[in-house]
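Listed here are the chains, written in short residue letters.
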Amino acid sequence: MKKITILFLIITCISCKGIIYNTALKKYGAYDEKIELIKLKSDSKEIIFFPMIHVGTKNLYEDIKFKIDSLNEKGYYFYYENVIAYKKEDTILRKVRKLRNMPFSENGYIGSIDSLLKKKFKFKLKKELVNQPSNKELGLDSLNSRNVDTSLKDMVNYYEEKYEVIHLEPCDFETSVFHESTCEEKLNDKKKYDDTVVEFRNQIVVNEVAKETKVKIAIIYGKGHFSGILNGLKEKDSSWKNLNEQ
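Because the structure is a prediction, the values reported are computed rather than measured. (Residues numbered from 1 in each chain as written. Predicted model: local features only at pLDDT ≥ 70, side-chain atom pairs only at ≥ 80, totals over all residues. Heavy atoms only, no water.)

> Outline the overall build of the protein, supporting the account with residue identities and numerical values.
Across its full length, the protein holds nine helices and eight strands. Taken across its 246 residues, the protein has 48% of its residues classed as buried. Taking contacts inside the protein between residues at least 6 apart in sequence as the whole, the part at least 24 apart equals 80%. If you sum the accessible surface of the protein, you get close to 13,600 Å²; carbon and sulfur atoms cover 51% of it. (Helix = DSSP H or I, 4+ residues; strand = E, 2+ residues; numbered from the N terminus. Buried < 20%, exposed > 50% of the residue type's maximum accessible area, 1.4 Å probe, protein only. Contact = heavy atoms within 4.5 Å. Areas by Shrake-Rupley, 256 points an atom, 1.4 Å probe, with all protein chains shown as cover.)

The following block contains the structure:
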């Protein structure tokens, strides 16, 4: 995916006003009440793609849970995203913060919105928003699903092997990873960021689908990953089609 996710723009922009933020949140899909599933089909497999919103309305997640339950009854197996991170890997966390140019949130995506938007810019959200529920709350378990993603450590390794070593300075250690760095130097290469955070993970999904023995798969991944995953699937198997476009 060549474009940075709308949500990333929302939580990093510092000059917008409330109406602009609410418009961006609406465009991202945070105010939606239902999710529109995307159906893909090849000569040998079927995929239902959930273009996930990581912060949204309670009604949206109720709709998602209902649709997961329905597909589960039809025998679909679920892939979900969950980048693995460990608090003990302090250096990795600090390198990722430098790569993202933003701190981690102790309360997920909604924590970022609360701290950077509601508190700093003092505007009211049009609808109450909550974090994406846990996999268990959505009806996923070890029998019907598995994590198909990477770890922060592997993302850093990928970036450093392909581009450059992320050097940490003393200033990178002056604050918690949950706070902004005091360093003036920033890594502002959007192309490298997207390749590492989006495309690298897309390829993991594509490779898993290619070797999957199950015929019916549901992929629960951020909506910004869809085009990259679809393109990757088509590169491996030209029979893949987006049925929503027919």
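From this point, the discussion proceeds with the structure in view.
> Break down the state of the cysteines for me, with residues and values.
Throughout the structure, instances matching the rule amount to one disulfide. Each sulfur of the disulfide joining cysteine 171 and cysteine 183 lies 1.9 Å from the other. Between cysteine 171 and cysteine 183 the sulfur-sulfur dihedral comes to about 110°; the bridge is accordingly right-handed. With cysteine 171 in the loop between α7 (152-162) and α8 (190-211) and cysteine 183 in the loop between α7 and α8, the pair connects residues that are twelve residues apart, well separated along the chain. This pair shows no difference in class: cysteine 171 is buried, exactly as cysteine 183 is. (Disulfide = S-S within 2.5 Å.)

> Which residues make up the packing of helix α4 (residues 90-100) against α7, and what are the values?
In contact at an axis separation of 10 Å, α4 and α7 are set at 60° when each is read in the N-to-C sense. Accordingly, the angle class assigned to the pair α4 and α7 is oblique. Of the two possible hands of crossing, α4 and α7 adopt the one that is left-handed. Contacts between α4 and α7 involve Ile92, Leu93, Lys95, Val96 and Leu99 from the first element and Leu152, Lys153, Val156, Tyr159 and Glu160 from the second. Its residues placed into classes, the contact of α4 with α7 shows seven nonpolar, no polar and three charged. (Axes fitted to C-alpha atoms, helices over the stretch in contact; angles between N-to-C directions. Parallel < 35°, antiparallel > 145°, perpendicular 65-115°, else oblique. Left-handed = near helix turned anticlockwise from the far one by under 90°. Nonpolar A, V, L, I, M, F, W, Y, C, P; charged D, E, K, R; others polar.)

> I'd like to hear about the packing of aromatic side chains, residue by residue, with values.
Here a ring pair, both rings aromatic, is described through the centre-centre distance and the interplanar angle of the planes. What the rule picks out here adds up to four aromatic pairs. Ring geometry for tyrosine 77 against tyrosine 79: centres 6.4 Å apart, planes inclined by 85°, an arrangement best described as edge-to-face. Accessibility classification places tyrosine 77 together with tyrosine 79 in one group, the buried group. Here the guanidinium or amino end of lysine 88 rests over the ring plane of tyrosine 86, the centre of that ring lying 5.9 Å away. One cation-aromatic arrangement involves arginine 100 over phenylalanine 104; the distance from NZ or CZ to the ring centre is 4.5 Å. (Phe/Tyr/Trp six-rings, centres within 6.5 Å; stacked < 30°, edge-to-face > 60°. Lys NZ or Arg CZ within 6 Å of the ring centre and 35° of its normal.)

> Any details on the pairing of strand β4 (residues 77-80)? Residues and values, ideally.
Of the two faces of β4, the one carrying Tyr77 and Tyr79 and the one carrying Phe78 and Tyr80 are both buried. Both β4 and strand β7 (residues 216-222) contribute to a ladder of four bridges, which runs parallel. Across the sheet, tyrosine 80 pairs through a bridge with isoleucine 220, a residue of β7. In the sheet, β4 pairs with strand β6 (residues 145-147) via three bridges, with the strands oriented parallel. Bridge assignment links phenylalanine 78 to a residue of β6, and that residue is serine 145. (Pairing = 2+ DSSP bridges.)

> Run through the side chain of glutamate 81, naming residues and quoting values.
Topologically, glutamate 81 is positioned in the loop between β4 and α4. You can call glutamate 81 buried: its relative accessible area is 16%. Within the local environment of glutamate 81, its side chain forms a polar contact with the side chain of arginine 201, the two groups lying 2.8 Å apart. Separated by 2.5 Å, the side chain of glutamate 81 and the backbone nitrogen of glycine 222 make a polar contact. What glutamate 81 contacts, discounting residues up to four positions off in sequence, is His54, Asn147, Asp149, Arg201, Ile220, Tyr221, Gly222 and His225. (Polar contact = N/O pair within 3.5 Å; in protein donor to acceptor, adjacent residues only side chain to side chain.)

> Just give me the short version of the sheet that holds strand β8 (residues 241-242), but keep the residues and values in it.
Strand order in the open sheet formed by six strands is β6-β4-β7-β2-β1-β8, and the pairing between neighbours is mixed. Two strands bound the open sheet, and with one partner strand each, they are β6 and β8. In the packing of α8 onto the sheet, the strands contacted are β2 (46-52), β4, β6 and β7, and the crossing angle to β7 comes to about 175°.

> Can you break down the environment of leucine 60 residue by residue, with the values?
One can find leucine 60 in helix α3 (residues 58-73). Residue classification places leucine 60 among the buried positions, given a relative accessible area of 1%. Separated by 28 residues in the primary sequence, leucine 60 and aspartate 32 place their C-alpha atoms 6.2 Å from one another. Sequence-distant contacts of leucine 60, that is, excluding residues within four places in its chain, are made with Gly29, Asp32, Glu33, Lys34, Ile35 and Ile53.

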